[in-house]
Amino acid sequence: MKQNNQALPSSSSSGGDKKSKRGGRNMIRLEVLAICVVALVFFILTLQLTLIPSESEEATQGIVHKSLRDFDRKAANETETETQLVTVTKKDKDDPQTSMYKVIDRSKRIEVPDKDRSLAFVHIGKSGGSTISLLLRNGCIQAVDGESCEAERWKKFPGKVGETETIASQRIQFYLHTGNVESGKMAEYYARVSSVVVVARDPFDRWISAFLSRHPRNIDGLRARNNAARHRAEMNGETPPIWAQKRVFGIDGPRNDQIHREAYNGCYPNVQEFINCATMDEPPSEKDLFHTQITYMQRGFHQEEITLNCREVCKEIVAATSRHIQHVRINYNAYLKDLPSNKEVFVIRTKSLWQDWVKVNNLLGSPEDVPMPDSVNEGKVVNSQGKLPVTSNLSNEGRESLCKFLRNEYILYIDLLNRAVNLSDDDIMSALDIAHRNCPAILDSIGQNS
């Protein structure tokens, strides 16, 4: 029969099948093991990338320590020897990021022997000068006339910063700000000293801050915030913060203050609208005029119809001849035009306020580094404003237009940096990096003409 005639598998073929199955299982095990190894390596690499912060994260996490405490000690303890000028090679000239450094020229720097040194502090508006002036025994406006400021004013600063008077406080004789510029006596004031300590900020950043600080909505918001902070402190039996004690002023009396507000409301309600207004090239027309009504109290109640020619107002602001925005009008040119070339200059940069403050004190004879705030918030004692209602809304095209307006301001700012005896070439490069981010085309054009 068929089924009885079927051949049974031999023992040798059965053993071969078993080996084949075992080999297949081994191959599967090896494949699984290889997959596991690859997965493990991928997991370890991913974990490392997760745990190691990026450069931007490190920069963000280290803001307080880098900017307030752990800055380069070597820079803070440099001697007053002449620094090497930046050498620009032929290759460098083709690199936009490097060619801008051609504006560095330390040949105008003047150093005065310490025994002959007499000092004034120049507070260029919207640059951080209010903070530093609080640390000066003569950091008030009346000191220039020989009158005393509030005793031990630096003690208002919290922490170690306010514990001891600095050498700079002891040596700076008087303080110069907007009122001194408007007096027309800056040349006379500069003639009284051999050296000046100037707070300086990138012109673009300074202009934006000046414009926004005078915006009516920001003024009202700041007043409300300060009032609330004072009220909370009084309810708790505490002394209000210094920034909450500051008065937020209007402009030139009740009537002019209302005109100033209406100029913002009707002509330039934000930064971009201002640029549009200042760059209009159409023929003058009725749409340039803003008709409105103002009311104010000045020896009684007044109501008045006014008309503002917005185009003219905007162009006057650009030309720094308008009284509408004080810190735009009183600019670098206003502060520095009467500063003789034979004066020694120290510069405290807004972005490096505390590092430069330490270095200036070292050069003036401090035997050790003066204390710095332990945190960013502790350093914002005078102008702790936070976010205000109106911020910058400049377009790229608007930024280019504003930079063109500020070209001369940048020339004066760069000249000031070059004259600073406390700044190294690296310090100036850092300031130029900020300028290049804000106004690259203008900075490059200045460099090409250097």
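Residues numbered from 1 in each chain as written. Predicted model: local features only at pLDDT ≥ 70, side-chain atom pairs only at ≥ 80, totals over all residues. Heavy atoms only, no water.

Draft legend 1. A look at the overall build of the protein. In terms of regular secondary structure, the protein is built from 25 helices and 6 strands. Here the protein holds 450 residues, and 44% of them are scored as buried. Restricting to contacts in the protein with at least 6 residues of sequence separation, those with at least 24 account for 77%. Of the accessible surface of the protein, which amounts to about 24,900 Å², a share of 52% is contributed by carbon and sulfur atoms. (Helix = DSSP H or I, 4+ residues; strand = E, 2+ residues; numbered from the N terminus. Buried < 20%, exposed > 50% of the residue type's maximum accessible area, 1.4 Å probe, protein only. Contact = heavy atoms within 4.5 Å. Areas by Shrake-Rupley, 256 points an atom, 1.4 Å probe, with all protein chains shown as cover.)

Draft legend 2. Spotlight on unusual backbone geometry. Residues other than glycine seldom take positive phi values, yet Lys126 does so here, at roughly 65 degrees. Along the chain, Lys126 falls in the loop between β1 (119–123) and α8 (129–133). Positive phi is not limited to glycine here, since Arg299 has a value of about 55 degrees. Along the chain, the position of Arg299 falls in the loop between β4 (289–297) and β5 (301–309).

Draft legend 3. Spatial organisation of the nonpolar core. Val196, Phe204, Trp207, Phe211, Tyr268, Phe274 and Tyr410 are the most contacted members of the largest nonpolar core, which totals 76 residues. In terms of residue count, the dominant contributor to this core is helix α12 (residues 203–213) (6 residues). Once residues lying within four places of it in the same chain are set aside, the contact partners of Phe211 are Tyr264, Tyr268, Asn270, Val271, Phe274, Ile325 and Val328. Leu119, Val199, Phe346 and Leu364 belong to the second-largest nonpolar core, a separate cluster that totals 27 residues. (Core = buried A, V, L, I, M, F, W, Y, C linked by side-chain atoms within 4.5 Å.)

Draft legend 4. Main features of helix α13 (residues 216–235). Here α13 contains 20 residues, and its C-alpha end-to-end distance of 28 Å stays within 8% of the 28 Å for a straight helix at 1.5 Å per residue. Restricting attention to buried positions, one finds in α13 the residues Pro216, Asn218, Ile219, Leu222, Asn226, Ala229 and Ala233. Taken end-on, α13 shows its buried residues confined to a sector of 160 degrees, consistent with a single buried face. Across from the buried face of α13, at angles greater than 90 degrees, the exposed residues are Arg217 and Met235. Considering only its buried residues, α13 is in contact with α12, α14 (242–245) and α15 (253–266). Two residues or fewer after α13 comes Gly237, characterised by a positive phi angle close to 70 degrees. (Expected span 1.5 Å × (residues − 1). Arc of directions from axis to C-beta.)

Draft legend 5. Representation of the pattern of salt bridges in the model. A full pass over the atoms with the stated rule returns 18 salt bridges. Put simply, Glu344 and Arg117 hold a salt bridge, and the shortest N to O gap is 2.8 Å. Note that Glu344 is positioned in strand β6 (residues 344–349) and Arg117 in the loop between α7 (96–99) and β1, a separation of 227 residues in sequence. Looking at Glu344, the relative accessible area reads 0%, which means it is buried. Take Arg117: its relative accessible area is 9%, and that puts it in the buried class. For Arg137, the salt bridge identified is with Glu165, shortest N-O distance 2.6 Å. (Salt bridge = Lys/Arg side-chain N within 4 Å of Asp/Glu carboxyl O.)

Draft legend 6. Summary view of the sheet that holds β6. The strand order β2-β1-β3-β6 describes an open sheet built from 4 strands, whose pairing is parallel. Pairing within the sheet leaves two strands with one partner each, and these edge strands are β2 (172–176) and β6. For this sheet the average axis-to-axis angle between neighbouring strands, irrespective of direction, equals 20 degrees. Sheet contacts for helix α23 (residues 407–419): β3 (195–200) and β6; angle to β6, the most-contacted strand, approximately 110 degrees. (Pairing = 2+ DSSP bridges. Axes fitted to C-alpha atoms, helices over the stretch in contact; angles between N-to-C directions.)

Draft legend 7. Geometry of the packing of α12 against α23. Look at α12 against α23: their axes get within 9 Å of each other, and the N-to-C directions meet at 120 degrees. The orientation of α12 relative to α23 falls into the category oblique. Along its contact with α12, which presents Pro203, Phe204 and Arg206, the element α23 presents Glu409, Tyr410 and Tyr413. Here the residues of the contact of α12 with α23 are counted per class, giving 4 nonpolar, no polar and 2 charged. (Parallel < 35°, antiparallel > 145°, perpendicular 65-115°, else oblique. Nonpolar A, V, L, I, M, F, W, Y, C, P; charged D, E, K, R; others polar.)

Draft legend 8. Just the side chain of Thr166, in detail. Tracing the sequence through the fold places Thr166 in the loop between α8 and α9 (167–171). A distance of 3.2 Å separates the side chain of Thr166 from the backbone nitrogen of Ser169, its partner in a polar contact. Among all residues touching Thr166, those that are not within four sequence positions of it are Leu135, Trp357, Asn361 and Val370. (Polar contact = N/O pair within 3.5 Å; in protein donor to acceptor, adjacent residues only side chain to side chain.)

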